[in-house]
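# Examination of the molecular architecture
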Amino acid sequence: MDKQRRRLMQVGLLGGAAAASSMLTAKAHHDAGHVDDKNAALRILVLGGTGFIGPHMVSEALRRGHTVELFNRGRTNNDLFPDLTTYAGDRDGGLTVLQGHRWDVVIDNSGYVPRHVADSARLLASAASHYIYISSISAYADFSAPMDEDAPLATIEDETVEEVTNDSYGPLKALCEKRARAEFGADRVAVFRPTYICGPGDRTDRYSYWPVRTMQGGEMLWPGTPADEIQMIDVRDLANFTIDVAEQKTVGTYNTVTPPGSFTMGELLSDSLAVTAADTRPVWMDYKFLSAHDASDRELPIWVAPTPDVAFAAKVSGARAYAAGLKNRPSRETARDTISWWKTLPADRTATLRAGFSAEREAELLAAWKAQKS
């Protein structure tokens, strides 16, 4: 089986006085066009905005009466917000189109390369007063021990590396955080470290696989046990928290996750069965069997294997974010809305799931499991 660390590199995870002290507010910068009135409409620039999480953030900001402008290459869903001002450019040397403009808040949900984030933050430091960077729990160095926002971050020997791979993703995200603070000012930056982001619009199918496969019925492979803990965040809850932080001018670092221990594989199964009403019969397979049959991380999305190196991968503390106002909707709502969204997609999109087991591979493992038990 692939190393669990590789899967965690892809995701898309304090309480008390520590949490309270982290809820600082960004300083006013009148020369950047900052608005002091927290009730005033904000002018928000989103770097990206048309992928998976961006549209939810844009829609929530617009719903609350804020002005939103976008900066992207115009390659993904470029007709999604035709009425919004969109600056066409590339983060790799194509930022000049942003010069001479002013915003209150910059939301960066498309930064994966430290140089790109540094360039953006440097250019926009005098054009806005608040920078929100979407990182990942993959930025952490060690999943074998309890993690809050002060846990050590992943590092990479050559910090000039720009190729985003399974191994470099986490360290590069950690470097992006560092560059954003260095260029924009730590007292004006908020960093989010989400776990698996789920819900309508997800292009990875890492969460969607489970309810969608359940909908197909029949015997279905489920890894581990129903009690195995997992963590996620609904994309709309992440969007709501992002706009809350923008409005409150909050800075600091926040793990945006469901509360540890609040969600399990068994509950994911229950949600999936409830929203699909499918005749699906779960077959739970243990880690030893799956490992012996080379089940890959891609085939087992979200689930965390019971190995010491990732013992706390689904137990990441989100207390600081909850204290700052993050709210998580019921997991069943995420499952219900994911299935509703999935049913609206064209056949060429739904023909093959981008994560989870193929039908052939699942049948192979089910047969092997039954043979072992007979």
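Computed from a predicted model, the values in this text were never measured in an experiment. (Residues numbered from 1 in each chain as written. Predicted model: local features only at pLDDT ≥ 70, side-chain atom pairs only at ≥ 80, totals over all residues. Heavy atoms only, no water.)

A separate point is the overall build of the protein. Helix and strand content of the protein: 13 helices and 12 strands. Sorting the 374 residues of the protein into buried and exposed places 55% on the buried side. Just so you have it, the protein exposes about 15200 Å², and 51% of that area is on carbon and sulfur atoms. (Helix = DSSP H or I, 4+ residues; strand = E, 2+ residues; numbered from the N terminus. Buried < 20%, exposed > 50% of the residue type's maximum accessible area, 1.4 Å probe, protein only. Areas by Shrake-Rupley, 256 points an atom, 1.4 Å probe, with all protein chains shown as cover.)

Residues of the protein with pLDDT of at least 70 account for 90%, and the chain-wide mean is 91. In the predicted structure, residues 12–36 sits below a pLDDT of 50 and forms 74 contacts with residues beyond four places in sequence or in another chain. (pLDDT = per-residue confidence, 0-100. Contact = heavy atoms within 4.5 Å.)

Packed helices, taken two at a time, are described by their axes: the angle between them and the distance between them. Axis separation between helix α3 (residues 53–63) and helix α7 (residues 235–248) bottoms out at 9 Å; the angle between their running directions is 50 degrees. When the axis of α3 is compared with that of α7, the two are oblique. Our pair here, α3 against α7, has a crossing hand that is right-handed. Contact residues: α3 offers Ile53, His56, Met57, Glu60 and Ala61, while α7 offers Val235, Arg236, Leu238, Ala239, Asn240, Thr242 and Ile243. Considering only residue class, the contact of α3 with α7 consists of seven nonpolar, three polar and two charged. (Axes fitted to C-alpha atoms, helices over the stretch in contact; angles between N-to-C directions. Parallel < 35°, antiparallel > 145°, perpendicular 65-115°, else oblique. Left-handed = near helix turned anticlockwise from the far one by under 90°. Nonpolar A, V, L, I, M, F, W, Y, C, P; charged D, E, K, R; others polar.)

This brings us to the side chain of Asn109. Tracing the chain through its elements places Asn109 in the loop between β5 (105–108) and α4 (114–124). The class of Asn109 is buried, set by a relative accessible area of 10%. In this view, Asn109 contacts Val46, Leu47, Gly48, Gly49, Ile53, Gly54, Met57 and Ile134; residues no more than four positions away in its chain are not counted.

You will see that Asn77, though not glycine, has its phi angle at about 45 degrees, which is positive. Along the chain, Asn77 falls in the loop between β3 (67–72) and β4 (86–88). The residue Ala277 is not glycine, and still its phi comes out positive at about 55 degrees. Looking at the secondary structure, you find Ala277 in the loop between α8 (265–276) and β12 (280–285). Classification of Ala277 by relative accessible area gives exposed; the value is 72%.

It is worth spelling out the environment of Leu326 at this point. Following the sequence through the fold, Leu326 ends up in the loop between α10 (319–323) and α11 (331–342). On the basis of relative accessibility, which here comes to 6%, the residue Leu326 falls in the buried class. Each C-alpha atom of the pair Leu326 and Thr242 lies 9.0 Å from the other, and the pair is 84 residues apart in sequence. If we skip the residues at most four places from it in the chain, Leu326 touches Ile233, Asp237, Phe241, Thr256, Val257 and Ala321.

The contact between α4 and helix α5 (residues 169–184) brings their axes to 8 Å, and the two run at 20 degrees. Accordingly, the angle class assigned to the pair α4 and α5 is roughly parallel. For the element pair α4 and α5, the recorded crossing hand is right-handed. Residues Pro114, Val117, Ala118, Ala121, Arg122 and Leu124 of α4 pack against Leu172, Leu175, Cys176, Arg179, Ala180, Glu183 and Phe184 of α5. When grouped by side-chain class, the residues that make up the contact of α4 with α5 number 10 nonpolar, no polar and three charged.

Turning our eyes to something else, we now look at the nonpolar core. Ranked by size, the top nonpolar core spans 35 residues in total, and within it Leu268, Met285 and Leu290 carry the most contacts. At the level of secondary structure, the elements contributing two or more residues to this core comprise β8 (196–198), α6 (209–215), β9 (218–223), α8, β12, α9 (287–292), α11 and α13 (359–373). Those residues in contact with Met285 that sit more than four places away from it in its chain are Leu221, Trp222, Pro223, Gly224, Leu290, Leu365, Leu366 and Trp369. Grouped together as the second largest cluster of nonpolar side chains are 31 residues, Val46, Val58, Ile107 and Ile243 included. (Core = buried A, V, L, I, M, F, W, Y, C linked by side-chain atoms within 4.5 Å.)

Scanning the model with the defined rule gives 28 salt bridges in all. Glu159 is the salt-bridge partner of Arg179, the closest N and O atoms lying 3.5 Å from each other. With Arg179 in helix α5 and Glu159 in the loop between β6 (130–134) and α5, this pair connects stretches of sequence that are 20 residues apart. Residue classification places Glu159 among the partly exposed positions, given a relative accessible area of 41%. (Salt bridge = Lys/Arg side-chain N within 4 Å of Asp/Glu carboxyl O.)

This brings us to the packing of aromatic side chains. Within this structure, the stated rule accounts for 12 aromatic pairs. Here Tyr87 and Trp103 contribute two aromatic rings whose centre-to-centre distance is 5.9 Å and whose plane-to-plane angle is 90 degrees, an arrangement assigned as edge-to-face. Taken together, the residues span a long stretch of sequence, with Tyr87 in strand β4 and Trp103 in the loop between β4 and β5 at a distance of 16 residues. The pair formed by Tyr87 and Trp103 is uniform in burial state, with each residue classed as buried. Both rings, one in Phe289 and one in Trp369, keep their centres 4.9 Å apart while their planes meet at 80 degrees; by these two values the pair is edge-to-face. Here the residue Phe289 occupies a position in helix α9, and Trp369 occupies one in helix α13, the gap between them amounting to 80 residues. Exposure remark for Phe289: the relative accessible area of 4% places this residue in the buried category. By relative accessible area, Trp369 is classed as buried at 11%. Lys173 extends its terminal NZ or CZ atom over the ring of Tyr112, reaching a point 4.5 Å from the ring centre. Seen from the ring of Phe184, Arg188 lies directly overhead, with NZ or CZ sitting 4.2 Å from the centre. (Phe/Tyr/Trp six-rings, centres within 6.5 Å; stacked < 30°, edge-to-face > 60°. Lys NZ or Arg CZ within 6 Å of the ring centre and 35° of its normal.)

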